[in-house]
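Architecture at a glance
What follows is each chain in one-letter form.
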Amino acid sequence: MQTNGSAQHNGTTENSHENTTPSTSNGVEITNGATSEQTARTLSKTDQDIVRLIGQHLRGLGFNQTAEQLIAESGCALEHPTAARFRAHVMEGQWDKTDDDLLELEPLVKGGKEDIIKMRFLLLEQKYLELLEDGIPLKALECLRHELTPLKYNTERVHVLSTYMMCSNARELRECSHWEGRGNESRQKLIENLQEFLPPSIMLPPRRLFTLLSQAVEQQKEKCPYHNTQLDSDLSSICLLMDHACTREQFPTVTTQVLWDHSDEVLHCQFSPDGTRLATGSKDNKLIIWEVDIDNFEVHHQKTLNEHKFGVGFVAWCPDNIHVLVCGPEETNEVVIYNVVTGEIRQRIHQNSDDSLTYASWMPDGRKLVVGGLRGQFYYCDIDGNVIDLWEGIRIHGLAALDDKVALAADTHNRIRGYNFDTLQDFPIIQEDHPIMTFVMDEKKELLLVNVASQGCHLWDLRDKVLLRKFHGQTQAFYTIYSCFGGLNQDYIASGSEDHKVFIWHKSREAPVAVLEGHRLVVNCVHWNPTEPSMLASASDDGTIRIWGPKDKLKKRKDSAASSGRSSPV
């Protein structure tokens, strides 16, 4: 361990009492013996909306007769009759008729004449592209000159459209314009763009039921404390017949492997950006590179790098997944960059014998880095060790690169500031009331996780510079502990603790969702595999590294070991 933080219309059609003709809905006669007004009166507004959503979904599936029967029986039209005709004319490519439809829709369009012009532009753009694809350039040119141009709207786009006249064939046209070509796909996208100008009481937004179900499932996922292992991007992997819930057994709560190769306190560990390697550093002067087997949730010793005479207190992988830098304890005056493929030292960054270089961070380009330490050194270097610029008198307690020119640094004044090496200006980020031990930034560069002496882990909003949350449970009084973001979408936070445990929180909850036990001394560092949301590693003063994963991964490893006659993995 190291010492040192509108109200919506329902779209129903109503017939007057004087109307003696049979009721229709989108051209379908209602034959159940009730007028649409009488039927609608028996349905609440919510029921009418649901009927419309179901009808739209049925039509989307191709069950048109079933949808029309639903419309007829309920008396709830899916959309305004003019909007229905407009949709049909667009899908059939009857562009002249869409002009008449727009005249009728103008009183219903949100933005009036201005939006009508935008809608007409979208329609004519589709017409123009289809004429070009059909090999009728003269008619396409006429559309461009006499229909699109006179609208005096989006002239820049008109100029781009004119360049497509030079395309030699339909394939080249589709490639240059990033257009799907004439057909249902491009016309359906056109309908979706046009629907933005119409209120939902006139024309339902596309796939509205699907959208609502997706939102409901997303909300359930957010409420699920263990939603971490299912990488679902749509509804296909979700059962809509019951509420979504992940079990604790799917979460990384068990030790799948214990690594004993170090002979002293393990101070730091970090997975490579591609998740295929793990680097661990110890007071025994060794940097060990491990190969990661994600399928079996285990790591294998690849090589030991100990061509230096100081303990390894901090490691950081380069974005290229090839180079890793090593910082030592407080009295170390150099940073070593290794090529992990060859095992050779790429560069030693060394300026003065009295430097203290204990923290570093790669810039996103992987060619430059910042290094600093507790004695006031703060260098901006390239990968070959050349100092590009420096900041004097900043006693560093942690570093993170915001971009290729700006770095964030924690200092001895309980604050984190930004340092722009292009303009040589610094600016405030956050201010804590107690010493900051370490900090880390999430991948989106929106959040900061700060380990604060005697306070634990604090989550800050980087943009608004406000404290979002203080996490409960973890113990950190005197020692340097490295925490991390991780899990699916980096929704989780993990940290070591002086009480020998690993704490995991969902970033929206202050109480831990899991507390992992197994280490016998202080847990100095925890790091989540960036490509496998259910794998994390922890390093401890007890000289071990533990790999954590879901319960089923441990069972798989034990079964594999038993079948091969090997000893149990843990």
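For the structure given in this document, a descriptive report is provided here. For clarity, every value in this text was computed on a predicted model and none was experimentally measured. (Residues numbered from 1 in each chain as written. Predicted model: local features only at pLDDT ≥ 70, side-chain atom pairs only at ≥ 80, totals over all residues. Heavy atoms only, no water.)

This part covers the side chain of His519. On the secondary structure map, His519 appears in the loop between β29 (514-516) and β30 (523-528). Only 3.1 Å separates the side chain of His519 from the side chain of Asp542, close enough to count as a polar contact. In terms of polar contacts, His519 uses its side chain to reach the side chain of Thr544, at 3.4 Å. Apart from residues no more than four positions distant in its own chain, His519 is found in contact with His500, Ser538, Ser540, Asp542, Thr544, Arg546 and Trp548. (Helix = DSSP H or I, 4+ residues; strand = E, 2+ residues; numbered from the N terminus. Polar contact = N/O pair within 3.5 Å; in protein donor to acceptor, adjacent residues only side chain to side chain. Contact = heavy atoms within 4.5 Å.)

Turning our attention to the packing of helix α4 (residues 81-92) against helix α10 (residues 184-195). In contact at an axis separation of 9 Å, α4 and α10 are set at 145° when each is read in the N-to-C sense. For the element pair α4 and α10, the recorded crossing hand is right-handed. Mapping the contact onto sequence places Phe86, Arg87, Val90, Met91 and Glu92 in α4 and Asn184, Arg187, Gln188, Leu190, Ile191, Leu194 and Gln195 in α10. Partitioned by chemical class, the residues of the contact of α4 with α10 number six nonpolar, three polar and three charged. (Axes fitted to C-alpha atoms, helices over the stretch in contact; angles between N-to-C directions. Left-handed = near helix turned anticlockwise from the far one by under 90°. Nonpolar A, V, L, I, M, F, W, Y, C, P; charged D, E, K, R; others polar.)

In this structure, Asn321 takes a positive phi of about 65° despite not being glycine. You can see Asn321 is positioned in the loop between β9 (314-317) and β10 (323-327). By relative accessible area, Asn321 is classed as buried at 15%. (Buried < 20%, exposed > 50% of the residue type's maximum accessible area, 1.4 Å probe, protein only.)

A few words on the pairing of strand β24 (residues 466-470). As paired strands, strand β23 (residues 456-461) and β24 are joined by four bridges and run antiparallel to one another. Directly across from Trp460, in β24, lies its bridge partner Leu467. Counted between consecutive antiparallel strands, the loop separating β23 from β24 contains four residues, among which Lys465 sits at a positive phi close to 55°. (Pairing = 2+ DSSP bridges.)

Our focus in this paragraph is the environment of Pro252. Following the sequence through the fold, Pro252 ends up in the loop between α11 (208-223) and β4 (254-259). Look at Pro252 and you get buried, because its relative accessible area is 0%. With 282 residues separating them in the primary sequence, Pro252 and Ser534 have C-alpha atoms 5.2 Å apart. For Pro252, the contacting residues outside a window of four places in its chain are Asn228, Ile504, Leu516, Trp528, Ser534, Leu536, Trp548, Gly549 and Pro550.

Moving on, we come to the nonpolar core. Core analysis: the largest hydrophobic core is formed by 47 residues, its most contacted members being Leu278, Leu325 and Phe378. When residues in this core are grouped by element, the largest group, four residues, is from strand β15 (residues 378-382). Once residues lying within four places of it in the same chain are set aside, the contact partners of Leu278 are Cys269, Gln270, Phe271, Ile288, Ile289, Trp290, Val292, Trp317, Ala537, Ile545 and Ile547. Membership of the second largest hydrophobic core comes to 18 residues, among which are Ala83, Val90, Ile116 and Leu194. (Core = buried A, V, L, I, M, F, W, Y, C linked by side-chain atoms within 4.5 Å.)

Looking now at the layout of surface pockets. Taken as a whole, the largest pocket spans an internal volume of roughly 1,200 Å³. Lining the largest pocket are 50 residues; nearest its centre among them are Gln270, Val440, Met441, Glu443 and His527. Those elements giving two or more residues to the lining of the largest pocket turn out to be β5 (266-271), β9, β13 (359-362), β17 (399-401), β21 (436-441), β22 (447-452), β26 (484-486) and β30. Taken together, the residues that form the lining of the largest pocket break down as 30 nonpolar, 16 polar and four charged. Estimated volume of the second largest pocket: approximately 620 Å³. Lining the second largest pocket are 18 residues, with Gln56, Arg59, Gly60, Arg87 and Gln188 sitting closest to its centre. The element contributing the most residues to the lining of the second largest pocket is helix α2 (residues 45-61), with five residues. Split into classes, the residues belonging to the lining of the second largest pocket amount to eight nonpolar, five polar and five charged. (1 Å grid on protein atoms, 1.4 Å probe; cavity = no way out; pocket = protein on both sides within 12 Å on 5 of 7 lines; lining within 4 Å. Points joined across faces, edges and corners; volume = space filled by probe spheres on them.)

To continue, consider empty space enclosed by the protein. To find leftover empty space, a probe the size of one water molecule is rolled over the atoms. Approximately 50 Å³ is the volume attributed to the largest cavity. Elements supplying a minimum of two residues to the lining of the largest cavity: α5 (95-105) and α6 (113-133). Taken together, the residues that form the lining of the largest cavity break down as three nonpolar, one polar and five charged.

Taken together, the four strands give an open sheet; going across it, the order is β21-β22-β23-β24, and neighbouring strands pair in antiparallel fashion. With partners counted over all chains shown, the strands left at the sheet margins are β21 and β24, one partner each. The average angle at which neighbouring strand axes cross in this sheet is 25°, direction not considered.

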